[in-house]
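# Geometric and topological summary
Here is what each chain is made of, one letter per residue.
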Amino acid sequence: MTDNTHQPGIPATGPEADKRYRHRLVLGFGLFVLFFVFYVGTAVIQTPAFSHVSSIPFLGMPLGLFLSVAIFPASWVLIVIFFAKGE
Amino acid sequence: MEDNFLVVLFILAFVAAGIFITWFTSRQTKSASDFYVAGKHVPWIGVGIAMTGSYLSAASFLGCAGDIGVFGVDSIWLAIGFFGGYMALLMLIAGPLRNVGSYTVADALHRRFPDDRVKLIVMVTTLVISIFYLVPQMLGAGLLFGLLLGWNFVAVTLGIGLLVSLYIVFGGMKATLYNQIIQAIFLWGAMVLVTVMAFFIFGDGSIGKVLDTANKVVPPLIAAKNPAVVEAIKGLPADQAIEVARSMMPAAESAMTLGVKVPGTLAQISTVIALVFGTAGLPHILIMFYTVRSARAARKSVTLCIVGLGIFYLCAILLGFLLFPGMYGTLVEWIAPGGKGIGYAKNMAVVLMSEMVGGKLLMAIAASGAVAAVLSTSAGLMIATASTISHDFYKVYINRNATERQELMIAKVTTLVMSVIAVALAILLKKENVAWLVTLAFGIAASAIFPAMVATLWWKRATRQGIMISMATGLTVSVLFIVLLLAGVPTFLGMPTAGGPGVFGVTAAGVVLVVVSLMTQDRGKDVEAFFALAHKEDHD
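Structure report, in brief. The residue numbering used here restarts from 1 in each chain and proceeds along that chain's sequence as written. Each chain is given a letter, starting from A, and each ligand a number, starting from 1, according to the order in which they appear as written. In view of the model being predicted, local features appear only for residues whose pLDDT reaches at least 70, and side-chain atom pairs are presented and counted only at 80 or more, with totals across whole chains, interfaces and linings using the full set of residues.

### Quick look at the overall build of chain B
Helix and strand counts for chain B stand at 21 helices and 2 strands. Here the radius of gyration uses the C-alpha set of atoms, whereas the globule reference equals 2.2 Å times the residue count to the power 0.38. Relative to its length of 540 residues, chain B is compact, with a C-alpha radius of gyration of 23 Å against a globular reference of 24 Å. Considering only C-alpha atoms, chain B reaches an extent of 70 × 55 × 45 Å along its principal axes. Out of the 540 residues belonging to chain B, those deemed buried represent 63%. Any two residues are considered in contact once their C-beta atoms, placed from the backbone, lie within 7 Å. Contacts in chain B between residues far apart in sequence, at least 24 positions, make up 85% of those at least 6 positions apart. Only DSSP runs of H or I reaching four residues or more are called helices, and only runs of E reaching two or more are called strands; each is numbered from the N terminus. Each residue is classified by how many other C-beta atoms fall within 10 Å of its C-beta atom, where C-beta atoms are placed from the backbone; a count of 20 or more means buried, 12 or fewer means exposed, and values in between mean partly exposed.

### Quick look at the overall build of chain A
Tallying secondary structure elements over chain A gives 3 helices and 2 strands in all. Listed N to C, the secondary structure of chain A is α-α-β-β-α in terms of helices and strands. Residue burial in chain A is summarised as follows: out of 87 residues, 29% are buried. For chain A, the proportion of contacts with a sequence separation of at least 24, taken over those separated by at least 6, is 44%.

### Observations concerning the interface of chain B and chain A
Accessible area lost upon the coming together of the parts serves often as the stated size of an interface. Residue-level contacts link 44 residues of chain B with 37 residues of chain A. Examining the composition of the side of chain B that touches chain A, we find that 10 residues originate from one element, helix 5 (residues 76–100) of chain B, more than from any other. Ten residue types, Ala, Val, Leu, Ile, Met, Phe, Trp, Tyr, Cys and Pro, are classed as nonpolar, four, Asp, Glu, Lys and Arg, as charged, and the remainder, Gly among them, as polar. Per-class residue counts for the side of chain B that touches chain A are 27 nonpolar, 10 polar and 7 charged.

### Describing the nonpolar core
In summary, soluble globular proteins display a tendency toward joint burial of nonpolar side chains. All names here are of chain B. By definition, a nonpolar core groups buried Ala, Val, Leu, Ile, Met, Phe, Trp, Tyr and Cys residues that are joined through C-beta atoms within 7 Å. In this structure, Tyr-313 and Leu-319 are the most contacted members of the largest nonpolar core, which totals 234 residues. Ranked by the residues each element gives to this core, the list is headed by helix 16 (residues 339–398), at 29 residues. For Tyr-313, the contacting residues outside a window of four places in its chain are Cys-64, Ala-79, Ile-80, Phe-82 and Phe-83.

### Description of helix 4 (residues 58–71) of chain B
Residue and element names in this part refer to chain B. Expected helix span is given by 1.5 Å per residue-to-residue step, counting one fewer step than there are residues. Helix length check: helix 4, at 14 residues, gives a terminal C-alpha distance of 18 Å against a target of 20 Å (1.5 Å per residue), a fit within 8%. Considering bend angle alone, the principal kink of helix 4 is centred on Cys-64 and spans about 30°. Gly-72, located one to two residues past helix 4, shows a positive phi value of around 95°. We define the bend at each residue as the angle formed by axes fitted to the 7 residues ending at it and the 7 residues starting at it.

### A closer look at the environment of B:Thr157
Residue and element names in this part refer to chain B. For Thr-157, the position within the fold is in helix 8 (residues 153–202). For the pair Thr-157 and Ser-206, spaced 49 residues apart in sequence, the C-alpha separation works out to 41 Å. Not counting the four nearest positions on each side in its chain, Thr-157 is found in contact with Met-138, Ala-141, Gly-142, Val-423, Ala-426 and Ile-427.

### A closer look at helix 12 (residues 238–248) of chain B
Residue and element names in this part refer to chain B. Three or more residues of helix 12 are buried, namely Ala-238, Ala-241, Ile-242 and Ala-245. Down the axis of helix 12, the smallest arc covering the buried residues is 100°, so these residues share one side. Elements that come into contact with the buried residues of helix 12 comprise helix 9 (207–216), helix 10 (220–223), helix 11 (227–232) and helix 15 (295–335). Taken from the helix axis, the directions to the C-beta atoms give the arc we talk about.

### Overview of unusual backbone geometry
Backbone geometry places A:Leu59, a non-glycine residue, at a positive phi of 50°. Here A:Leu59 is to be found in the loop between strand 1 (57–58) and strand 2 (61–62). Phi at B:Lys40 takes a positive value of approximately 60°, unusual for a residue other than glycine. Along the chain, B:Lys40 turns up in the loop between helix 2 (32–37) and helix 3 (44–55). The class for B:Lys40 is partly exposed, based on 18 C-beta atoms found within 10 Å.

### Brief notes about the environment of B:Ser354
Residues and elements named next belong to chain B. Here Ser-354 shows up in helix 16. Given 26 C-beta atoms within 10 Å, Ser-354 falls into the buried group. Sequence separation between Ser-354 and Val-417 is 63 residues, and the spatial gap between their C-alpha atoms is 36 Å. Beyond its immediate sequence surroundings of up to four residues, Ser-354 is in contact with Val-194, Leu-362, Met-363, Ile-365 and Ala-366.

As structure tokens, this is what we get:
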């Protein structure tokens, strides 16, 4: 990090900057943790040890497969929230 | 060769387009900023598409569907795992990284912790990741064209190495990006087209029917181990072959049974963690965020990439299941000889399926899609390596007073050297199955780069010592696991090595980072100013 005072265009520090950082920290990590728990949880269900759960029929397919495929649209929903709340 | 005229034509078109783009962009590539990051003014849509191309390797294009065709439902996590990492990139890395970095991954870390050793560790990590990732690309391309066109392995790998070097040496990042855009559109379009056509031809446009078939299917890997079944289904259409195999092996698992491939829960978690956090630590993806105008543009580009990848991988999963009603008997026949047969089935299934649903034209498009995947990924890896060697190593350790011209010359020489090394290793390892090296590259990126990057961008209490020791630990643990894996050691300290280094490397690097940071004080030269810059207000 070079000396802040010699770099034009470097944003000011202070309460505003800190507030923005905290907002993004909560938003980014909050949504990512949601995604990650769903993601790893589904990955675990899709293993032989949990086959009794993953094989439960749900909407015409096994629950494990449904949840696995649902990761894609679920991530798109989280992205919409990320941009909506991040503005 | 006459049969494959269209394939050759498409490949020549790619080569010609690549050379034209390189010639066109070479006139605009003058400064270091032009060479490393395309002048930082590429529209986010272009970068989003190029990022999709850079990430979609031959393993994604051919391997995801092919793997499902061999093992069944277990393999869907290969596609989902490749996809998941982009959420970490969007929410935790893209924006702040764009704000604080300039040319390389190390730049962002070095901006907060101006210690040259940071650059050295990132350079070594980038080099290891790139070699692990690049060699399977070259080798895969050589084998694919040997199988498809009977082309000489050495000539194909040399040709690809030469073409990619040409993009980078003369056109830098701009030529690389524009080529990746064309290649991404092509390979994405090929995957969607083949899947949609196969869905209506072999799946009757019904997901229910596709899954019913999968429920009946004895996974080709299992059926292929039974010589009587292999003999009985030879030459039968797919639907009859499925019935015969099931009637001869009534108690066998189905393609929807879990556990045919996945060894256990911990190995699954390790693989998935490596793919998620590894994607978010891949140098050739991270440096693409520097090519857009702003943090907001970086987020938009990765969002476009996520949507594109999501559609691509959903198609790959569906196509994998469609291989059963489309070509079950052929898959079993290919796999029956074992070893190489399995690799052949994984790589050729998508190409053959393309021909079955769309004739020679679609097969040519699919085969060219595979070439596009190899070219775009290889170019991204090579420019990331060239940047780090010249900017983080030569400029820091060899010639601190190097001019921009000298730095660029080193980057270009590095590109050529990397190309030679990758081609030589591909030729040397031709008989080995090295596709799994890509997964290991993700494990190294997840362990050595991701925790350090996230902490640098988000944790004010992180210290220089914590970051450096974390990176060194992540690299060491992941390399140790890879050595154990290569040596055939199944467990280490009670931990399975089968899932790769992911969970162990990330955990070790994360724990070390927190503990060492809490024990030391050097949080960077001006941490508040760094955070104000990293998380500054967004402007397009």
